[in-house]
Protein chains: 2
Amino acid sequence: MSKYDALNIKQIAELSGVSVATVSRVINQNGRFSSETEARVRRVIEESGYVPNFVAKSLRTSKNHVIGIIVPDILNSHFAGLVLELEKKLFAHGYSTVICNTNESIELEKKHIDTLIAQQVSGVIFISGTKTCKVTQDIPAVYLDRRPASYCEPSDRVLIESDNRTGGYLATQKLIESGCRNIAVFCSRDMDTNQQARFIGYQEALAESGLSCDEAMTFDLHEVSILQARDEMLRIFPSIPNLDGVLCMTDTIALGVITGLHELNITIPEQVSVTGFDDAPLAAYFQPPLTTIRQDIGALSGAAVESLIKMINGEKLESQHVVVPVSLVVRKSTRQQV
Amino acid sequence: MSKYDALNIKQIAELSGVSVATVSRVINQNGRFSSETEARVRRVIEESGYVPNFVAKSLRTSKNHVIGIIVPDILNSHFAGLVLELEKKLFAHGYSTVICNTNESIELEKKHIDTLIAQQVSGVIFISGTKTCKVTQDIPAVYLDRRPASYCEPSDRVLIESDNRTGGYLATQKLIESGCRNIAVFCSRDMDTNQQARFIGYQEALAESGLSCDEAMTFDLHEVSILQARDEMLRIFPSIPNLDGVLCMTDTIALGVITGLHELNITIPEQVSVTGFDDAPLAAYFQPPLTTIRQDIGALSGAAVESLIKMINGEKLESQHVVVPVSLVVRKSTRQQV
DNA sequence: CCTTCCGGAGTAAACGATTACTCAAATCGT
DNA sequence: ACGATTTGAGTAATCGTTTACTCCGGAAGG
């Protein structure tokens, strides 16, 4: 038997010569008790190494101090970074996290959500929520990083996202500055709202420079993977003789594009400039190091945690929709200004 | 009010016209009940969307079907891959997971473990356990991927690890085959048991080829990071004129080494061959693609989950110590056989 | 001195499941 | 046809907390 097994609040109460209610009050610092009583109880707890049973507490309060995080692909370093930050910040607030990897499967996502509900989680963070994520209105939840397709502005949940439009704008502007005039765009087939916003930024930058937006320069990837991006690059290259820039919707795509260009013996950035999006930890170590848009993981996760905890505590939120600024990180995959 | 809020087993019982005990029996498939009753109850559950409250179940049974995973750094893709697989397999067995990132801090690890105990987790998986990880003997736990320093073979917990010695041997052998005669080793300062084993494999391979093991060729990194490895490479290169191979203890280190060599204008593999360890997802996309040792994530995670679940169910384990084979993945960072 | 109030602490009813006991009815063996 | 056994299903205790009530005694106020 471990020291943890047997000890419960009742035994602490007996040992300190008070009732369970008093012990509970001392532990949770609510209700009234004299300071002598408090000292006595604290000493007993200390000496016995008593740890309150969270499960019982959760049952009683219907709050388990666990936050569920729904994430499509924890292997993607952008998501992994986000999750790590969320976990750190939530833990500091006394919350544990359950990370649910959905592998982009709606099926699995539903199962996970059922499990989370059964566990009575205190709240849920949806990272890049799928189109169908639905959780009962009464459990606190925020959307992070991607706007659900069904999202409607005024009354829906809290939404926290990067300023994707500006990101797309900045990256495109950089390419144009680098002298690019024929820019291809690599995105995923079913562009999520993030990519759509980035695309708008791209169009704006083109328009501003008096360049036209040629639909034939947009290429859809069936899925976002290095290999797919590389294959697509190899496939399309012959048909676009004057290609001089590629705007990639993610760093992963950029890595695939770079790999493909290497195989084609195209030099970067002399012949073709490439930009990514996310600023993955490895982006600085690509060959060449990648010019990309950095998302502010700290701010994104901070806003998400803050909003969620306010919701859990029933406090009012000052804003339903947080847009976090992004920044351009210039490395060597784009030419110096010409 | 959500449909989930109000529903409890009692209401299901009323709706189906039976007692709570019967509903519970149907749900858990134990005890007796007629097939008509079962059908009726199932239909009510189906229609109402009832999800049993795990918290109450946990309280009653003292098993919460949650597994804690203690991991030092989820951003490391080797660990991330392991965690992902574990999560997937555990979920298939009906377990949720709580992922605890310790950031290599013993402090934080202790806090996490206390939380896990308070949550009454059914079991714990220590990935690359630190030197001090201690959890009460009576909660099922396995060590995965790294042997704790305090580990003692016969009576301690289950340990699952890769065949690191063979890995080190194979990588070194490959370097020797590629014509390398002056091989540097890059490892972390406080070599964990994995790296120690890899190092032994390295020595064996050297000995077998009649090469001597020069202590001056071993370089310690203060921490395992791309940048540290790159810096170290730049620092040491001038002092080793005839360097022709680098055995890196992880892929992360290899990427740093490659980056450093690029900056020194050394060609890989013509002038220097490099090997890694892990076969990270991106290893194939390094420039050049990295020759490395692949760890069998599927087998590692499978063995861990299987053992843990057997322990939880009180079944006997056939082996306390599982060693998973590794394999050499040849890419372009080593020369073709000469 | 009597009423009112309040600080301190205890009693017991939840929370939502599981499961040991019961018990009635149905089935069986002889 | 009658006792024995099996089957199906209900009753209620229990897991470890929290918290709405209750109660007592002393301080304050008139």
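The text that follows walks through the structure, step by step, so that each part is easy to find. Just so it is clear, the structure is predicted and the values come from calculations on it, not from any experiment.

**Quick word on the protein's contact with DNA strand C**
Around DNA strand C, 27 residues are found, and the nearest of them are A:Arg25, A:Thr37, B:Ile9, B:Ser24 and B:Arg60. When atoms of DNA strand C within 4 Å of the protein are sorted by moiety, sugar and phosphate together comprise 56%. One of the side-chain nitrogen or oxygen atoms of A:Arg32 is found 3.1 Å away from a phosphate oxygen of DNA strand C. Between DNA strand C and the protein, one listed contact pairs a phosphate oxygen with a backbone N or O atom of B:Asn53 at 2.7 Å. For the surface near DNA strand C, a count of residues per class yields 10 nonpolar, 11 polar and 6 charged.

**Some remarks on the protein's contact with DNA strand D**
The environment of DNA strand D is formed by 27 residues, the closest being A:Ile9, A:Ser24, A:Arg60, B:Arg25 and B:Thr37. Sugar and phosphate atoms form 58% of the subset of DNA strand D atoms that lie within 4 Å of the protein. In this structure, a phosphate oxygen belonging to DNA strand D sits 2.7 Å away from a side-chain N or O atom of A:Tyr50. The backbone of B:Ser34 places a nitrogen or oxygen atom 2.8 Å from a phosphate oxygen of DNA strand D. Listed by contribution, the elements that provide at least two residues to the surface near DNA strand D are α3 (20-28) and α5 (54-61) of chain A together with α3 (20-28) and α5 (54-61) of chain B. Of the residues belonging to the surface near DNA strand D, the class tally is 10 nonpolar, 11 polar and 6 charged.

**A look at the sheet that holds strand β1 (residues 66-71) of chain A**
Residue and element names in this part refer to chain A. Spatially, the 6 strands line up as an open sheet ordered β2-β1-β3-β4-β5-β11, and their pairing is parallel. What marks the edges here is a single partner per strand, and that holds for β2 (96-101) and β11 (321-324). In this sheet, adjacent strand axes meet at a mean angle of 15° when their direction is disregarded. Bridge analysis of strand β5 (residues 158-162) against β11 gives 4 bridges, and the strand direction is parallel. Each residue of the ladder has a partner; that of Glu161, found in β11, is Val323.

**Quick notes on the nonpolar core**
One finds A:Ile125, A:Ile127, A:Leu144, B:Ile125, B:Ile127 and B:Leu144 to be the most contacted residues of the largest nonpolar core, which totals 54 residues. Beyond its immediate chain neighbours, meaning those up to four positions away, B:Ile125 contacts B:Ile67, B:Gly68, B:Ile69, B:Ile70, B:Leu86, B:Leu90, B:Val142, B:Leu144 and B:Leu308.

**Quick notes on the interface of chain B and chain A**
At the junction of the two partners, chain B supplies 46 residues and chain A supplies 46 residues. Of the roughly 4200 Å² buried where chain B meets chain A, counting both sides, 72% is carbon and sulfur surface. The largest share of the area that chain B buries against chain A comes from B:Val55, B:Phe91 and B:Tyr285, three residues that together contribute 16% of it. Where chain B touches chain A, the interface holds 0 salt bridges. In this assembly, chain B and chain A are joined by 3 residue pairs in polar contact (both at pLDDT 80 or more). Of the residues forming the side of chain B that touches chain A, the biggest block, 7 residues, is contributed by helix α7 (residues 106-118) of chain B. Across the side of chain B that touches chain A, the residue classes tally to 25 nonpolar, 16 polar and 5 charged.

**What to know about empty space enclosed by the protein**
Tallied over the entire structure, the rule returns 6 cavities of 30 Å³ or more. Empty space within the largest cavity amounts to approximately 200 Å³. Taken together, 14 residues line the largest cavity, and the ones lying closest to its centre are A:Asn64, A:Gln119, B:Asn64, B:Val66 and B:Gln119. Counting residues per element, the ones that place at least two in the lining of the largest cavity are α5 of chain A together with α5 of chain B. By volume, the second largest cavity amounts to about 140 Å³. Of all elements in the fold, only α11 (251-263) of chain A together with α11 (251-263) of chain B reach the threshold of two or more residues within the lining of the second largest cavity. Among the elements that take part in the lining of the second largest cavity, α11(B) stands out by supplying 4 residues, more than any other. Looking at the lining of the second largest cavity residue by residue, the classes come out as 10 nonpolar, 4 polar and no charged.

Scoring rules and cut-offs
Residues numbered from 1 in each chain as written. Chains lettered and ligands numbered in written order. Predicted model: local features only at pLDDT ≥ 70, side-chain atom pairs only at ≥ 80, totals over all residues. Heavy atoms only, no water. Near = heavy atom within 4 Å. Polar contact = N/O pair within 3.5 Å; in protein donor to acceptor, adjacent residues only side chain to side chain. Nonpolar A, V, L, I, M, F, W, Y, C, P; charged D, E, K, R; others polar. Helix = DSSP H or I, 4+ residues; strand = E, 2+ residues; numbered from the N terminus. Pairing = 2+ DSSP bridges. Axes fitted to C-alpha atoms, helices over the stretch in contact; angles between N-to-C directions. Core = buried A, V, L, I, M, F, W, Y, C linked by side-chain atoms within 4.5 Å. Buried < 20%, exposed > 50% of the residue type's maximum accessible area, 1.4 Å probe, protein only. Contact = heavy atoms within 4.5 Å. Buried area = accessible area lost by both parts, 1.4 Å probe. Salt bridge = Lys/Arg side-chain N within 4 Å of Asp/Glu carboxyl O. 1 Å grid on protein atoms, 1.4 Å probe; cavity = no way out; pocket = protein on both sides within 12 Å on 5 of 7 lines; lining within 4 Å. Points joined across faces, edges and corners; volume = space filled by probe spheres on them.

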